[in-house]
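The primary structure of each chain is shown beneath.
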Amino acid sequence: MMQGLNITKSGENCMGEIYKCCENPQITYFAPVNINIDERTIGTVDVWRCAVCKKKFCEEKQLGIDSITDIVGMPRIEDGEKWGVIVSKLQKGKDKWKLVKLKQSGIIKYETLDEKILELKIEDYKIVDDYHSSFLVEDHLNKAVEI
Ligand SMILES: [Zn+2]
């Protein structure tokens, strides 16, 4: 029996959809934030900014690995969210950090290396947890952060 292919044409799922932060985005490179362990840079968060609406966009870069995902346009961030880096005390090296979007308060779902989903509490754009901490990208532009 032949089955029809399930092709989703909904705009929401369309990978090629380009997110626009405003009517006429002018996005330029803004600043890097280096992630250091023992004073060695192991990764970078690249920060881009739209000159029109001033929204910032971030991209996570592990040292020595070219962009893993092919993002068309810039990764989306909602109003009221800020770019942050979550730092895990349970991991080492490049697995110790991850770029995330933090809300002012609430719960963030964080996927661990072994694909467990942790629910971490956020207070004032900061993760409050015994094994995880976080910092905001905007507080460390053009700086290196030791994790
Ligand atoms: Zn814009």
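The structure displayed is predicted, hence computed values, not measured ones. (Residues numbered from 1 in each chain as written. Predicted model: local features only at pLDDT ≥ 70, side-chain atom pairs only at ≥ 80, totals over all residues. Heavy atoms only, no water.)

1. Structural notes on the sheet that holds strand β8 (residues 126-128)
(1) Moving on: In space, the three strands of this open sheet follow the order β6-β7-β8, with antiparallel pairing throughout. At either end of the open sheet lies a strand with only one pairing partner, and these are β6 (105-111) and β8. In this sheet, adjacent strand axes meet at a mean angle of 45° when their direction is disregarded. (Pairing = 2+ DSSP bridges. Helix = DSSP H or I, 4+ residues; strand = E, 2+ residues; numbered from the N terminus. Axes fitted to C-alpha atoms, helices over the stretch in contact; angles between N-to-C directions.)

2. Here we look at the side chain of Q62
(1) Moving on: Inspection of the secondary structure puts Q62 in strand β3 (residues 56-62).
(2) Moving on: Overall, Q62 belongs to the buried group, its relative accessible area being 12%.
(3) Moving on: Within polar-contact distance, the side chain of Q62 engages the side chain of E60 at 3.4 Å.
(4) Moving on: A polar contact of 3.5 Å, which involves the side chain of Q62, links it to the side chain of W97. (Buried < 20%, exposed > 50% of the residue type's maximum accessible area, 1.4 Å probe, protein only. Polar contact = N/O pair within 3.5 Å; in protein donor to acceptor, adjacent residues only side chain to side chain.)

3. A word on the packing of aromatic side chains
(1) Moving on: Enumeration according to the criterion identifies one aromatic pair in this entry.
(2) Moving on: Look at Y29 and W48: their rings are 5.2 Å apart centre to centre, the planes differ by 85°, and that puts the pair in the edge-to-face class. In this pair, Y29 sits in strand β1 (residues 27-37) while W48 sits in strand β2 (residues 40-50), placing the two residues 19 residues apart along the sequence.
(3) Moving on: In this structure W48 comes out as partly exposed when scored by relative accessible area, which is 24%. (Phe/Tyr/Trp six-rings, centres within 6.5 Å; stacked < 30°, edge-to-face > 60°.)

4. Quick notes on the environment of V85
(1) Moving on: By secondary structure assignment, the location of V85 is in strand β4 (residues 81-88).
(2) Moving on: Along the chain, V85 and V100 lie 15 residues apart, while their C-alpha atoms are 5.7 Å from each other.

5. Comments concerning the environment of E119
(1) Moving on: Considering the arrangement of structural elements, one finds E119 in strand β7 (residues 117-123).
(2) Moving on: Judged by its relative accessible area of 54%, E119 falls in the exposed class.
(3) Moving on: Not counting residues within four places of it along the chain, the set of residues in contact with E119 comprises I107, I108 and K109. (Contact = heavy atoms within 4.5 Å.)

6. Considerations on unusual backbone geometry
Leave glycine aside and you will find that most residues have negative phi; peptide bonds, for their part, are mostly trans.
(1) Moving on: With phi around 60°, Y125 is a residue other than glycine that occupies positive phi space.
(2) Moving on: The exposure class of Y125 is buried, given its relative accessible area of 15%.
(3) Moving on: Notably, N142 is not glycine yet its phi reads approximately 60°, a positive angle.
(4) Moving on: Residue class for N142 comes out exposed when judged on its relative accessible area of 58%.

7. Points about the pairing of β1
(1) Moving on: As defined by bridge partners, β1 adjoins β2 across 10 bridges and the pair is classed as antiparallel. By the bridge assignment for β2, I35 is matched with G43.
(2) Moving on: Counted between consecutive antiparallel strands, the loop separating β1 from β2 contains two residues, among which D38 sits at a positive phi close to 50°.

8. A closer look at the coordination of the zinc ion
(1) Moving on: Each protein donor to the zinc ion is listed here as C21 (SG), C22 (SG), C50 (SG) and C53 (SG); together their distances run 2.3 Å.
(2) Moving on: Geometry at the zinc ion is tetrahedral, judged from the four donor atoms that bind it and their angles of 104 to 118° at the metal.
(3) Moving on: In terms of primary sequence, the donors binding the zinc ion are separated according to C-C-x27-C-x2-C. On the criterion of sequence distance, the pair formed by C21 in the segment before β1 and C50 in strand β2 is long-range, its members being 29 residues apart. (Donors = N, O, S within 2.8 Å, 3.2 Å for Na, K, Ca; no water. Tetrahedral: all angles 85-135°; square planar, octahedral: opposite > 155°, others 65-115°.)

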